[in-house]
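One letter stands for each residue in the lines below.
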Amino acid sequence: MFATGIIENNLSTENEEIVIPQSAVLWTGKRSVVYVKENVENGAGFKHREVVLGSSLGDSYVVEKGLSAGEEIVVNGTFTVDAAVQLAGKPSMMNPEENSAGDIEEIELSVAGKSEIQEVFNSYLALKNALVEDDFEAAKKHLKTVESKIEAVDVSAIQASAADAVENYKTQLQAKLSIMKASEDISALRTGFIDFSAEIIRMAKSLKPFSGQIYIQHCPMANNDKGADWLSLSEEIRNPYYGSAMLSCGEVTGVIED
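Not measured: the values here are computed from a predicted model.

Q: I keep staring at the overall build of the protein and nothing clicks. Help me out?
A: For the protein, the helix and strand inventory stands at six helices and eight strands. Each of the 258 residues in the protein was classed as buried or not, and the buried ones make up 46%. A separation of at least 24 residues holds for 64% of the contacts in the protein among residues at least 6 apart in sequence.

Q: Explain the packing of helix 2 (residues 111–132) against helix 3 (residues 136–152) to me, please; I cannot follow it from the model alone.
A: Between two packed helices, both the angle of their axes relative to each other and the distance between the axes serve to describe the pair. Between helix 2 and helix 3, whose axes approach to 9 Å, the crossing angle comes to 165°. Relative to helix 3, the element helix 2 lies roughly antiparallel. Here helix 2 runs over helix 3; the crossing is left-handed. Residue-level contacts link Glu116, Glu119, Val120, Ser123, Tyr124, Ala126, Leu127, Ala130 and Leu131 of helix 2 to Ala138, Ala139, His142, Leu143, Thr145, Val146, Lys149, Ile150 and Ala152 of helix 3. For the contact of helix 2 with helix 3, a count of residues per class yields twelve nonpolar, three polar and three charged.

Q: Can you walk me through the nonpolar core in this structure?
A: Across soluble globular proteins, nonpolar side chains have a tendency to be buried as a group. Among the nonpolar cores identified, the biggest contains 48 residues, and Phe196 and Leu231 are the most heavily contacted of them. Looking at this core, the elements with two or more residues in it are helix 2, helix 3, helix 4 (160–181), helix 5 (186–207), strand 6 (213–219) and strand 7 (228–232). The dominant element in this core, judged by the number of residues it contributes, is helix 5, at ten residues. If we skip the residues at most four places from it in the chain, Phe196 touches Tyr124, Val146, Ile150, Leu173, Lys176, Leu177 and Met180.

Q: Is there a simple way to think about the environment of Ala112 in this case?
A: If you trace the backbone, Ala112 turns up in helix 2. A sequence separation of 46 residues divides Ala112 from Ile158, and the C-alpha atoms of the two residues are 7.0 Å apart.

Q: I would appreciate a short explanation of the confidence of the model for the protein in the present structure.
A: Low-pLDDT portions of the prediction should not be read for the details of their coordinates. In this model, the protein carries a mean pLDDT of 82, and residues with pLDDT of at least 70 account for 84%. When mean pLDDT is compared element by element in the protein, strand 7 scores highest at 96, while helix 1 (residues 78–87) scores lowest at 67. pLDDT under 50 marks residues 88–102. Its contacts with residues more than four places away, or in other chains, come to 26 contacts.

Q: Sorry if this is basic, but what is going on with the pattern of salt bridges here?
A: Note on pairing: side chains with opposite charge can pair once their charged atoms come close. Scanning all chains against the criterion turns up eight salt bridges. For the salt bridge of Lys37 with Glu72, the shortest nitrogen-to-oxygen distance reads 3.9 Å. Placement of the pair is Lys37 in strand 3 (residues 31–40) and Glu72 in the loop between strand 5 (60–65) and helix 1, with a sequence separation of 35 residues. Take Lys37: its relative accessible area is 37%, and that puts it in the partly exposed class.

Q: Quick question: what am I supposed to make of the packing of helix 3 against helix 5 here?
A: Where helix 3 meets helix 5, the closest approach of the two axes is 11 Å, and the angle between their N-to-C directions is 35°. For the pair helix 3 and helix 5, the crossing hand works out as left-handed. Taking contact as the criterion, the partners of Phe136, Ala139, Leu143, Val146 and Ile150 in helix 3 are, on helix 5, Ile186, Leu189 and Phe196.

Calculation notes
Residues numbered from 1 in each chain as written. Predicted model: local features only at pLDDT ≥ 70, side-chain atom pairs only at ≥ 80, totals over all residues. Heavy atoms only, no water. Helix = DSSP H or I, 4+ residues; strand = E, 2+ residues; numbered from the N terminus. Buried < 20%, exposed > 50% of the residue type's maximum accessible area, 1.4 Å probe, protein only. Contact = heavy atoms within 4.5 Å. Axes fitted to C-alpha atoms, helices over the stretch in contact; angles between N-to-C directions. Parallel < 35°, antiparallel > 145°, perpendicular 65-115°, else oblique. Left-handed = near helix turned anticlockwise from the far one by under 90°. Nonpolar A, V, L, I, M, F, W, Y, C, P; charged D, E, K, R; others polar. Core = buried A, V, L, I, M, F, W, Y, C linked by side-chain atoms within 4.5 Å. pLDDT = per-residue confidence, 0-100. Salt bridge = Lys/Arg side-chain N within 4 Å of Asp/Glu carboxyl O.

Put into structure tokens, the structure is as follows:
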């Protein structure tokens, strides 16, 4: 039998709950982070802050700790802010203090766990290479492969200490993937690839599911001159955001080693 019903989540009536959209939250290992608006010397800026999340309300979360009523946070473009501030490793107008990329929690995976996650990275690299080659049709095919590899990650096969973090990464990657799937041309797909790569890099820093080393590379002209990052197995710059138009534009900004 099938039935239609309404599920109600009763929030506290004694205290006003703070609810934020899912798009505002970044995951670093087991921790959740938002960017909070603050006044800096040159005007308004944003600073990352760890928060404790409560109940999930579909496309939003109840915040138990970390935010106060009236504070303003980034709810759209959060990954772009994070990529510029945390992953580029450089001071920014958005955050004049030293970035906190080193705060990403490293989580040790079992051999079985690494095998699960490795397939996601392999499909990501294939997608990146298709963008390098300016091949939109190939990129769309690889996009489907990425989606299937993310979906196939069996969290139950991963030790309990890492399972929550892996599940969080899956959720974030799937959200960014849905944006790329709607792309009608390679330009739109490359735009979506910015946020997707930012999450993949966080995941790589945290879980280190590969053997050897992988390079974090940065193009300062991508994302309307705000800069964008990607991962590569080779130190040679082959830019996925511009392809043949500016194939060698960029630099290596970091190395992740197992």
